[in-house]
Amino acid sequence: MDAARPALGPLARCTSALALALLLAPGARAGQDWRSVADPIIQRIPNEAGQPNTLGPTAITQDSDGLLWIGTQNGLVRWDGQRMTAYRAAPGRPGALPDAFIQQLHVDRQGRLWAGTMSAGLVRYRPDSDDFEHFPAAPDGLPHPSVTALADAPDGGLWTGGDGGLARLDPTTRRAERIKLEPDRSAPTRITALVTSRDGRLWVGSEHGLWRSDPAQRRFERVSGVPAATVRSLFEDRDGRLWVGARAGASVWDPVHERLQPVRDHQTEGVRPLRHEIVAITQARTGDVWLATKTRGLLRVDARSLVGQPVRQDPLRPHALDSDALWLVRADRDGLLWLGSDRSLLRHDPVAARQVATLFGQPGRGRGLSNDSADAVLTFQDGRVWVGSPQGIEELRPGQGRVRQLRAHSAPSPAQLPEGAIYALLRHAGQVFIANEHGLYRTDEALTTVERVRIAGRAPTATTWALLGTAETLWVAGPDGLWHLDEDGRSGPVHTDLLDQRIELIAAADAGRLWLGTRSGLALLDTASGRHQDLPMLRAQGKALQGLIVNALLTDARGRLWLGTGGAGIYVVEHPLAPEARVQVIAEAQGLPDLNISQLLSDEQGRVWASTDDGLAWIDPERLQATPLRLADGVGVATYWAKSGARGADGTLYFGGVGGLTAVDPSQWQAWRQDPAVVISELRVDGKPWPRAQWAAAVRQGRLTLPVGTRGLAVEFAALDYSAPELLQYGHRLDGVDNDWVATQSRHRWATYTNLSPGTHALQIRASNRAGHWGSQPLRLDVVIPAAWHQTPALRALLGLLGLGALFALVQGRTAWLRRRQAELEQVVAERTAALRASQAQLEQMAFTDALTGLPNRRLFSERFEQLERLARRQGQGFALLVIDLDRFKLINDQLGHAAGDALLVAVARRLQSRLRESDSVARMGGDEFAVLLPFPADAAQVQASCERILAAFEDPVMYEGQPLNSSPSIGAALYPQHGQTQDALSAAADAALYEAKAAGRNTWRLSAG
């Protein structure tokens, strides 16, 4: 990204042959794990209207088909990743939910879905009839209406727990055997959690401690070593260990020593025992165990050390928890974590977080980045990472976060780093050099001292864009050309024959030659002679490379030159210095998310990673195909700064952008290979919705019979890839109707057919996952339409013969009528379109122009000033502002009336436009005040010429109703940036000059002396 600042200078990725060897070395090492200080990407699931959901989930599970079921306080929701189907409570209605508050969900070994409610007992979902079987509390049934825990029991039974204690339900007889855990208590023991371990034991959490059964689940005993306190949640991890969540912390059961090992919490002040109420526990594919707390957010726990890292709500950070009050956390079959807060349903991918870490910048953060602009990145052999921003430099370490900081100062000083963009950081000759918007600086590796670096003949505060260190020389570049600083202390300019001296990139080519990226393209410079050489690759590609800005340059293991451009994608050049140079372009057609390339880095497997203005991508070096990385892949930063990025010694890749820093561990990277199942969400027959109970069982069997005479069929479908449903692609095909797959996007997942004939039609539906890989098993459904009596072949033949004669006449008459009607409609559309365009143009004119004179108003003038100021700052040139005030205007207004004053203002506007260039901008700021922008190049001579033309335009008075209106202009002028670098500052300087012109007798002009 280059917006609002000049293109940034390159980092020192090519500083030596050793660095290049490290960059391209084969093999893979584990990169740094930044998760303890990174910001996990937690996405709030939108509803079907695209708005944030307000489910407030209390339970979640995944059924045998892969569908997600979400329990809430307002009913049950089935979700296929696209459509949320709600089941509301309707007490007393057969087959309906008897209670809205769902406390627990469970899918048993037979694939049956059970839901425990707060006040109506238990229900079982019946997919064939799309309704529920109710198991209420009864003398021989469930002991209590409130069911809070469920688990599988032997012989197809179901363990239930709740306020009525523990019971084993036989779904066939609907009878429940009640288990009394504490015989000496008259009241039942309230059950809070159930889990069946891999050895067949049932573990029971209650308000009085923990119980366990024998492997046959017939006898129960209290677990000694566990306090007689409330157990809120239970979970068995993949190693067979039992995790116990309580009202004041969490522990892991040690079966050898028959005791609990406490889980500790990593706080700012150190590691301490966890003291929060744990409401749910799950384990991610990464091995980490996640704990959901009642009021303190999430905890990601290392399964070996039992130390957790907190994940809390942060309203200022995108993609964070929306609340610290959680109900649930659960991992699905694809490894995604589902979180239920008191506000909504959320999603997190812990595998993606291990591969890609995001460190968002935010002022006041304890351990993370304190600035949201990661302008430049520098890595060290010991794993340290420096991040430069307009506010200074921050040093980060994995596992620790920010350990030290060098703050920038608002007042430039030779011994202080000034505030402003940092375009490059380079470690050279035992020091770190800083390419700053206000000059070249250096510091030690401890960030303790700063000093400005002087180069002979160069202004001390000259903007520095690029740095490169070679054996004995530091190369420095900026808008003022190329400079050198040698180890023996000699320094000065490098005189070159380049037409464009604005150098944004420096990279080593070979002995004595440098690659230079200028605002006009790429050049190969011989440092001894100062001459640039013609490049064969430019001839191979024509003139396409000559006008491009090169933001990034990389040489791969095969000697190919990779060029990341500003707006044209990536150019890969084979034999760049040979006559047979060949250029290949990687653009959006090859998978790039954006054509503005910010940085290129290579990993140890030879893949090339690119940061862009729309996320990251990695490129297969053989096929030259790009795979974009999006938010679902853990990439929280959307737009990256040009040339901001570096590779760590361990292979971790760092990219700086607008919002923070992205750390990619290529050794952990795995493309999303999930093979999503396709399900049918809704059916419509002849335009009318068909109840799910009429087709659910048939669809599962793969053969659907429709009513006799059916002509139209519409099928809504979805693929069960929940990681990023909006990125999925679909295709459908009906044999005998579609010759090929009909492509469909995620927003319109319907296969619609009309005029279907009787018979059997094979409908196939396929889907891709979020990475674009098509599923291996398309859904196949045989659709059977029985023939009606009038659809028999004999009757059709007879009707066809009778209708042929009538059809010919009807076609002729209707065609003539349609042509007339078409002409009438086209005329109406043309008239309404013209009226709409005229109205739109009038609204735009009213918003941005002065109603009296037709000139741009103050709002449009301010926008043009901002555009001109950004362009001038980027190109290092200036412009001028003229402020014009009419002499004696108030006297004319008072003596001759407002009509005369208005006529004078209109005449002034016309005369100003007639004496200014087309590139100049004139506006009425209000009353008798006008302003003019003179674009660059603008100096005092141009200002004088423009002002004299304006004064000459008013030598003849303006006539109004035969009477002269004697008024002349007084003009104040100011130059950017000499007299001001903001609109307010420049306007103040021009106003001061205007007052001097007024004092000098009016009808003259003055240039600001400030």
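Nothing here was measured: the structure is a model prediction, and the numbers come from that model.

What counts and what doesn't
- Residues numbered from 1 in each chain as written.
- Predicted model: local features only at pLDDT ≥ 70, side-chain atom pairs only at ≥ 80, totals over all residues.
- Heavy atoms only, no water.
- Helix = DSSP H or I, 4+ residues; strand = E, 2+ residues; numbered from the N terminus.
- Buried < 20%, exposed > 50% of the residue type's maximum accessible area, 1.4 Å probe, protein only.
- Contact = heavy atoms within 4.5 Å.
- Pairing = 2+ DSSP bridges.
- Axes fitted to C-alpha atoms, helices over the stretch in contact; angles between N-to-C directions.
- Expected span 1.5 Å × (residues − 1).
- Core = buried A, V, L, I, M, F, W, Y, C linked by side-chain atoms within 4.5 Å.
- Patch = residues over 30% accessible without salt bridge, like charges linked within 9 Å, V, L, I, M, F, W, Y side chains within 5 Å.
- Areas by Shrake-Rupley, 256 points an atom, 1.4 Å probe, with all protein chains shown as cover.
- Salt bridge = Lys/Arg side-chain N within 4 Å of Asp/Glu carboxyl O.
- Phe/Tyr/Trp six-rings, centres within 6.5 Å; stacked < 30°, edge-to-face > 60°.
- Lys NZ or Arg CZ within 6 Å of the ring centre and 35° of its normal.
- pLDDT = per-residue confidence, 0-100.
- Polar contact = N/O pair within 3.5 Å; in protein donor to acceptor, adjacent residues only side chain to side chain.

Participant: With reference to specific residues and values, describe the overall build of the chain.
Facilitator: Regarding its fold elements, the chain presents 10 helices and 74 strands. C-alpha atoms of the chain, sized along the principal axes, occupy 105 × 90 × 70 Å. The 1010 residues of the chain split such that 54% are buried. Within the chain, contacts between residues separated by at least 24 positions form 57% of all contacts whose residues are at least 6 apart in sequence.

Participant: For the sheet that holds strand 45 (residues 513-518), give the residues involved together with the corresponding values.
Facilitator: Two modes of strand pairing occur in sheets, parallel and antiparallel, and in both the strands are linked by backbone hydrogen bonds. Here we have four strands laid out as an open sheet, ordered 44-45-46-47, and antiparallel in their pairing. Of all strands in the sheet, those bounded by a partner on one side alone are strand 44 (503-510) and strand 47 (531-533). Strand-to-strand twist in this sheet, taken as the mean axis angle between neighbours without regard to direction, amounts to 35 degrees.

Participant: Explain helix 10 (residues 983-999) residue by residue, including any values.
Facilitator: Relative to the 24 Å expected for 17 residues at 1.5 Å per residue, helix 10 spans 24 Å between its end C-alpha atoms, a close match to the ideal helical length. Buried within helix 10 are the following residues: Q983, L986, A989, A990, A993, L994, A997 and K998. Those residues of helix 10 that are buried are in contact with helix 6 (858-875), strand 68 (879-886), strand 73 (969-976) and strand 74 (1005-1007). G1001 sits one or two residues past helix 10 and shows a positive phi near 110 degrees.

Participant: Any details on the nonpolar core? Residues and values, ideally.
Facilitator: Residues L882, L904, L912, F930, V943, I950 and I971 are the most contacted members of the largest nonpolar core, which totals 33 residues. Counting residues per element, the ones that place at least two in this core are strand 68, helix 7 (889-896), helix 8 (898-915), strand 70 (929-934), helix 9 (940-952), strand 71 (958-960) and strand 73. Here F930 is in contact with L855, L882, V883, I884, L886, L905, V908, L912, A923, R924 and M925, once residues within four sequence places are set aside. With 29 residues, the next largest nonpolar core counts L67, L68, L97 and Y722 among its residues.

Participant: Could you give an account of the pairing of strand 56 (residues 640-647), naming the residues involved and the relevant values?
Facilitator: By the criterion of burial, strand 56 is predominantly enclosed, with eight of the eight residues buried. Bridge count for strand 56 against strand 57 (residues 653-657) is four bridges, and the pairing is antiparallel. From the neighbouring strand, Y640 faces strand 57, where its bridge partner is G657. Taking the residues that link successive antiparallel strands as the turn, the strand 56-strand 57 hairpin has five residues, and the phi of G651 there is positive, at about 100 degrees.

Participant: How would you sum up a nonpolar patch on the surface? Please name residues and give values.
Facilitator: There is a patch of nonpolar side chains on the surface, built from L801, L804, L807 and V811 and spanning about 400 Å² of accessible area. By secondary structure assignment, the location of L807 is in helix 5 (residues 793-848).

Participant: Run through the pairing of strand 32 (residues 376-379), naming residues and quoting values.
Facilitator: Of the two faces of strand 32, both are covered, the one formed by A376 and L378 as well as the one formed by V377 and T379. Between strand 32 and strand 33 (residues 385-389), which pair antiparallel and follow one another directly, the connecting turn spans five residues, one of which, G383, has a positive phi of 95 degrees.

Participant: Account for the pattern of salt bridges, naming residues and giving values.
Facilitator: Within this structure, the stated rule accounts for 61 salt bridges. Among the ionic pairs, D665 bridges to R354, the shortest N-O distance being 3.3 Å. Taken together, the residues span a long stretch of sequence, with D665 in the loop between strand 58 (660-664) and strand 59 (678-685) and R354 in helix 2 (residues 350-355) at a distance of 311 residues. Each member of the pair, D665 as well as R354, is classed as buried. Through salt bridges with shared partners, a single ionic network connects D382, R384, E395, R397, R404, R427 and E445.

Participant: With reference to specific residues and values, describe the sheet that holds strand 55 (residues 626-629).
Facilitator: Reading across from one edge, 52-53-54-55 is the order of the four strands in this open sheet, with antiparallel pairing throughout. Looking at strand neighbours, the two that pair on one side only are strand 52 (597-602) and strand 55, the edges of this open sheet. Neighbour-to-neighbour, the strand axes of this sheet turn through a mean angle of 25 degrees, independent of strand direction. Examined bridge by bridge, strand 52 and strand 53 (residues 608-612) share five bridges and lie antiparallel to one another. For Q599, the partnering residue across the bridge sits in strand 53 and is S611.

Participant: Break down the packing of aromatic side chains for me, citing the residues and quoting the values.
Facilitator: Under the criterion given, the structure shown has 19 aromatic pairs. A ring pair is formed by W609 and W669, whose centres lie 5.9 Å apart and whose planes are at 85 degrees; its orientation type is edge-to-face. Here the residue W609 occupies a position in strand 53, and W669 occupies one in the loop between strand 58 and strand 59, the gap between them amounting to 60 residues. The pair W609 / W669 is uniform in exposure class, with both members buried. A ring pair is formed by Y640 and F655, whose centres lie 6.3 Å apart and whose planes are at 75 degrees; its orientation type is edge-to-face. Of the two residues, Y640 sits in strand 56 while F655 sits in strand 57, which places them 15 residues apart along the sequence. Residue classification places Y640 among the buried residues on the basis of a relative accessible area of 0%. Members of the aromatic cluster, each reached through a chain of ring pairs, are W69, Y87, Y125 and F132. Positioned above the aromatic ring of F135 is the side chain of R174, whose terminal nitrogen or guanidinium carbon lies 4.3 Å from the ring centre.

Participant: If you had to explain the confidence of the model for the chain to someone new, which residues and values would you point to?
Facilitator: Across the chain, pLDDT averages 89, with 93% of residues at or above 70. Overall, residues 2-29 carries pLDDT values under 50, and its contacts beyond four positions in sequence, including any with other chains, amount to 98 contacts.

Participant: Tell me about the side chain of S323, and name the residues and values.
Facilitator: Relative to the assigned elements, S323 resides in the loop between strand 27 (307-311) and strand 28 (326-331). Within the structure, the side chain of S323 is placed 3.1 Å from the backbone nitrogen of A325, a separation counted as a polar contact. In terms of polar contacts, S323 uses its side chain to reach the side chain of D342, at 2.8 Å. The contacts of S323, once residues within four sequence positions are left out, are Q313, S341, D342 and R343.

Participant: An account of helix 6 is needed here, citing residue identities and associated values.
Facilitator: In this model, helix 6 (18 residues) spans 26 Å end to end at C-alpha, consistent with the 26 Å of a helix rising 1.5 Å per residue. Along helix 6, the positions that sit buried rather than exposed are L860, F861, S862, F865, L868, E869 and A872. Structurally, the start of helix 6 carries an N-cap: the backbone nitrogen of R859 is 3.2 Å from a side-chain oxygen of N857.

Participant: Can you tell me about unusual backbone geometry, naming the residues and giving the values?
Facilitator: A cis geometry characterises the amide bond from Y976 onward to P977, with omega recorded as 5 degrees. Of note, P977 is situated in the loop between strand 73 and helix 10. Positive phi is not limited to glycine here, since A429 has a value of about 55 degrees. By the secondary structure assignment, A429 is in the loop between strand 36 (422-428) and strand 37 (431-436). Exposure remark for A429: the relative accessible area of 56% places this residue in the exposed category. The phi dihedral of L624 falls on the positive side, at around 55 degrees, and the residue is not glycine. Looking at where L624 falls in the secondary structure, it is placed in the loop between strand 54 (615-619) and strand 55. A residue is classified by how much of its surface remains accessible, and L624, at 8% relative accessible area, is buried.

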